[in-house]
Amino acid sequence: LVLLPLARGRATRSSAALALGTFATSACASGPLWPPVSTGWSLASLALVALIATSWLRACTARELQPLWRGNPQLPLVRGTCDRLRVAVVLVPVLVGACLCIAGATVSPRLLRPKVLVAFGLVLVGVCTVEATTREAMDPTHHASRWILLLSIAVAFASEVAPS
């Protein structure tokens, strides 16, 4: 009830957002492997792209999947389970990006601080989890302020991964 609408074309925007978000976070996560690119900037771009992908996927899945579930009252759906699965789908790009980032940074010949890198990965997943579980009825100004605060926290951790 979550993946089949994405695969069969009932939730086209959500599936496009999932594919594009996963590709974009994967591309940004490979930044530490590129020698001329600064590690801090590539991880900051990963934080930005992951938060954008999470916000976009949250909005798309809320628009496409939730009405689909409400439109089928004959199915024995547990509302909480469907919402948790929707949040899990929304978090796929950031989880892929964080895993690739940590794996790529361990292979990278650059000098990195591994504990701070793992902390950055955890903060990034936590920030995106907060965004993924946001209610749609939130005031837009509060949401924008919180979004910027979450991004600045992730960028602050990203800037500390490489020793200065």
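Our subject in this report is the structure included herewith.

Rules used in this analysis
The written sequence of each chain sets the order in which its residues are numbered from 1. Given that this is a predicted model, residues contribute local features only at a pLDDT of at least 70 and side-chain atom pairs are listed and counted only at 80 or more, while totals for whole chains, interfaces and linings are drawn from all residues. Hydrogens are left out, water is left out, and the side-chain values use all remaining heavy atoms of the structure. A run of DSSP states H or I qualifies as a helix once it reaches four residues; a run of E qualifies as a strand once it reaches two. Both are numbered from the N-terminal end. Residues are treated as being in contact if the distance between any of their heavy atoms lies within 4.5 Å. Each residue after the first adds 1.5 Å to the expected span of a helix. Between buried and exposed lies partly exposed: a residue is buried under 20% and exposed over 50% of the maximum accessible area for its type, with that area taken using a 1.4 Å probe on protein chains only. Throughout, the arc means that of the directions going from the helix axis to the C-beta atoms. Definition of a polar contact: a pair of N or O atoms within 3.5 Å, with one able to donate and the other able to accept a hydrogen when the atoms are protein atoms, and with sequence-neighbouring residues admitted only if both atoms are side-chain atoms. Side-chain atoms within 4.5 Å link the members of a nonpolar core, which is a set of buried Ala, Val, Leu, Ile, Met, Phe, Trp, Tyr and Cys residues. A patch is a set of surface residues, each over 30% in relative accessible area and not in a salt bridge, joined within 9 Å for like charges and within 5 Å for the nonpolar side chains Val, Leu, Ile, Met, Phe, Trp and Tyr. To measure how exposed things are, a 1.4 Å probe is used in the Shrake-Rupley method; for residues, cover is taken only from the protein chains shown. Salt bridge criterion: a side-chain nitrogen from Lys or Arg within 4 Å of a carboxyl oxygen from Asp or Glu. Throughout, an axis means a line fitted to C-alpha atoms (over the contacting stretch in the case of helices), and angles, computed between N-to-C directions, take values from 0 to 180 degrees. In what follows, roughly perpendicular refers to angles from 65 to 115 degrees, roughly parallel to angles under 35, roughly antiparallel to angles over 145, and oblique to any angle outside these ranges. By convention, the crossing between two helices is left-handed when the near helix turns anticlockwise from the far helix through less than a right angle, and right-handed when the turn is clockwise.

## Some thoughts on the environment of A53
You can see A53 is positioned in helix α3 (residues 39-70). Distance from A53 to T25, taken between C-alpha atoms, is 8.2 Å for residues 28 residues apart in sequence. Discounting residues that sit within four places of it in the chain, A53 has contacts with G21 and P93.

## Here's the deal with helix α2 (residues 12-29)
Between its first and last C-alpha atoms α2 spans 25 Å; for 18 residues at 1.5 Å apiece the expected length is 26 Å, and the two agree. Within the span of α2, buried status applies to S14, A17, L18, G21, T25, C28 and A29. Within α2, the buried residues cover an arc of 110° as seen down the axis, which keeps them to one side. Seen from the buried face of α2, the exposed residues on the opposite side, beyond 90 degrees, are A19 and F23. Where α2 is buried, its residues meet α1 (3-8), α3, α4 (79-90) and α5 (92-107).

## As for the environment of S14
With respect to the helices and strands, the residue S14 is situated in helix α2. When near neighbours in sequence (up to four residues on either side) are disregarded, S14 contacts L6, L57, C60, T61 and E64. Separated by 2.7 Å, the side chains of S14 and E64 make a polar contact.

## Description of the nonpolar core
If you look at the biggest cluster of nonpolar residues, it comprises 39 residues, and the most contacted ones within it are F120 and L124. The set of elements that each furnish at least two residues to this core consists of α2, α3, α4, α5, α6 (114-132) and α7 (140-159). Dropping the residues within four chain positions of it, L124 is found in contact with L46, A47, A50 and V94.

## Examining a nonpolar patch on the surface
On the surface, L20, F23 and W56 cluster together to form a nonpolar patch covering roughly 350 Å² of accessible area. Relative to the elements of secondary structure, F23 occurs in helix α2. F23 gets classed as exposed once you look at its relative accessible area, which sits at 60%.

## Quick notes on the packing of α3 against α7
At a minimum axis distance of 8 Å, the contact between α3 and α7 shows a crossing angle of 150°. Our classification of the angle between α3 and α7 gives roughly antiparallel. In the packing of α3 onto α7, the handedness of the crossing is right-handed. Of the residues in α7, those touching α3 at G40, L43, A44, A47, L48, L51, I52, S55 and R58 are H143, W147, L150, L151, A154, V155 and A158.

## Here's the deal with the pattern of salt bridges
Counting across every chain of the model gives two salt bridges. The salt bridge partner of R58 is E131, with a shortest N-O separation of 3.2 Å. Of this pair, R58 sits in helix α3 while E131 sits in helix α6, and the two are 73 residues apart along the sequence.

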